[in-house]
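Understanding the architecture of this molecule
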Amino acid sequence: MKPKQYDDDVREFVASQRGLFLAASSDALFNKNLRGTLIRHLSIKDDCVLNIFTIAELRQSITLHISKGNRLLVLIERELAGKPTTDIIKYVKQDHPDVLFVVLTTEVEREKLILLHEVGADNIITKPIAPDTLIEKIAFTVKPRGQIGELIDEGKRLLAIGHYEDAAEAAREVLRIKAQSPAGLILLGDAHKGLGKVEQALDCYSQAEKSAKLYLEPLKKIAALHRETGNTTEEIRFLERLDKLSPLNVDRKIEIGQGYVRLGDTGKARTVFDEAIKVATREAMESLSRVSREIAQICLDVAPELSERYLRRTLDAKKGFLDKSDIETFNRLGITLRKQGRWEDAITEYRKALKISPSDGNLYYNIAMAHTEGKQFLDAYNYLNKALSLSPDIYKAGEAVCLNIATIYRRAGKKDLVADYLKKALELNPDSRKAAAFLREIEGMRPDDA
């Protein structure tokens, strides 16, 4: 259970800081849950939770409410209206660093999460999310926890108004509380830099980098300091270290290439620029893929042949760039083919997906279902066992999955397992008449009848 303090922190954000929540999302379920959590559970006024559906609308809303003196927390999808939101986060943060961004996403690769933090995301929410966890995430975003967080915030405020000596003292207090604190060292380095003490600043940033190997901020500070002092070779060295940690940042690749141009090494510059183009092309393909997938979903139930057409376009658009983020597209294509009675074609697509993600239990479950539809019951049983060995909690996806598992096990004569998954179905939905009737039937059978 979440502490009551989290509730109070979120309410305080609204009451004392004139805080507003901008939900930049077209996910109706998330928007409903957000409003229910904030308005009904925390009693926050309805006009403090605003829904935004396009990037243009978000820009206008941010400008308007900042001019009114509001503090903003933007809950924003990783892609909005078919477009990545990394640029809007980056540019708003540059002009208005006090605007807080919480990015909404499904499971994505680590490199994409790193990029989101790099461009300015203050926190990340993986959907779906429980109400208590949502409140906790928001609370941690709007209010740093503990004395160190408060000192860091005060130090940043002092830096912003040019009180570098006072900021340095705040940083030293952080380091007295927690020796080698990366955030404290960064703050002290920034204070030294403001005072013109370049060597001391560089030393602080270097200590921060050694204290937290995956913390990108110290490396950025060091690279920027070398750029300001004209040391292009060292600037490139640290930019390349950053690139290894966060390889999806196109702007950084361009910076590296620009550095090589300044050094007169056009060969290395071309290599880096080509890589920047490759990453940008992949991003564009992902946007095209996303649009095709949305169209396919609209067509799925009424026109599965049309859905298939656009799902194949989705995959074709990313040919050569397919990764784990495309598994859902393969799954949808398989479902579309099965709706057309083409279970063998569905298995072909699932096998392609397994080459990308060989340990995905959901794919093996879908192959089991396709074999069931083709009356290949032994294959269905074997693939189901593989699915459950990789993802034993797969049944939690819903009552229907439990019933499907029970049906496959019944065909294989595994009465105990049938009963087990029917009971799980009833745990998920106590009112399921189908599961209850199925269980009564199974429990009334003799062992050799199963």
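One structure accompanies this document, and this report is about it. Along every chain, residues carry numbers that run from 1 in the direction the sequence is written. Where local features are concerned, this predicted model is filtered to residues with pLDDT of at least 70; where side-chain atom pairs are given and counted, the filter is 80 or more; whole-chain, interface and lining totals use all residues. Hydrogens and water are ignored here; the side-chain numbers use all heavy atoms of the structure.

Here, any two strands with at least 2 DSSP bridges between them count as paired. By the criteria applied, helices consist of DSSP H or I runs no shorter than four residues and strands consist of E runs no shorter than two, each listed in order from the N terminus. Across the sheet, 5 strands lie side by side as β2-β1-β3-β6-β7; this open sheet has parallel pairing. In the strand order of this sheet, the two ends are held by β2 (49–52) and β7 (123–126), each with one partner. Sheet twist, expressed as the average angle between the axes of neighbouring strands with direction ignored, equals 20°. Here strand β1 (residues 19–24) runs beside strand β3 (residues 71–77); their pairing, made up of 6 bridges, is parallel. When the bridges of β3 are listed, A23 appears paired with L75. Note on contacts: a residue pair qualifies if any of its non-hydrogen atoms lie within 4.5 Å across the two residues. Working convention: axes come from line fits to C-alpha atoms, limited for helices to the stretch in contact. Angles between N-to-C directions cover 0 to 180 degrees. Sitting on the sheet, helix α1 (residues 4–17) is in contact with β1, β3 and β6 (100–105), with an inclination near 120° to β1. Contacts from helix α2 (residues 28–41) reach β1, β2, β3 and β6, with the element oriented near 170° to β2.

Glancing now at the packing of helix α7 (residues 146–160) against helix α9 (residues 182–194). At their nearest, the axes of α7 and α9 sit 10 Å apart, and the two run at 15° to each other. Our classification of the angle between α7 and α9 gives roughly parallel. Note on packing geometry: the crossing formed by α7 with α9 is left-handed. Contacts from L151, I152, G155, K156 and L159 in α7 reach A183, G184, L187, D190 and A191 in α9. Of the residues in the contact of α7 with α9, the class split is 6 nonpolar, 2 polar and 2 charged. Should an angle lie under 35 degrees it is considered roughly parallel, over 145 roughly antiparallel, and from 65 to 115 roughly perpendicular; all remaining angles are considered oblique. Crossing handedness: left-handed means the near helix sits turned counterclockwise from the far one by under a right angle, and right-handed means the same turn made clockwise. Ten residues, namely Ala, Val, Leu, Ile, Met, Phe, Trp, Tyr, Cys and Pro, are considered nonpolar, four, namely Asp, Glu, Lys and Arg, are considered charged, and the remaining ones, Gly among them, are considered polar.

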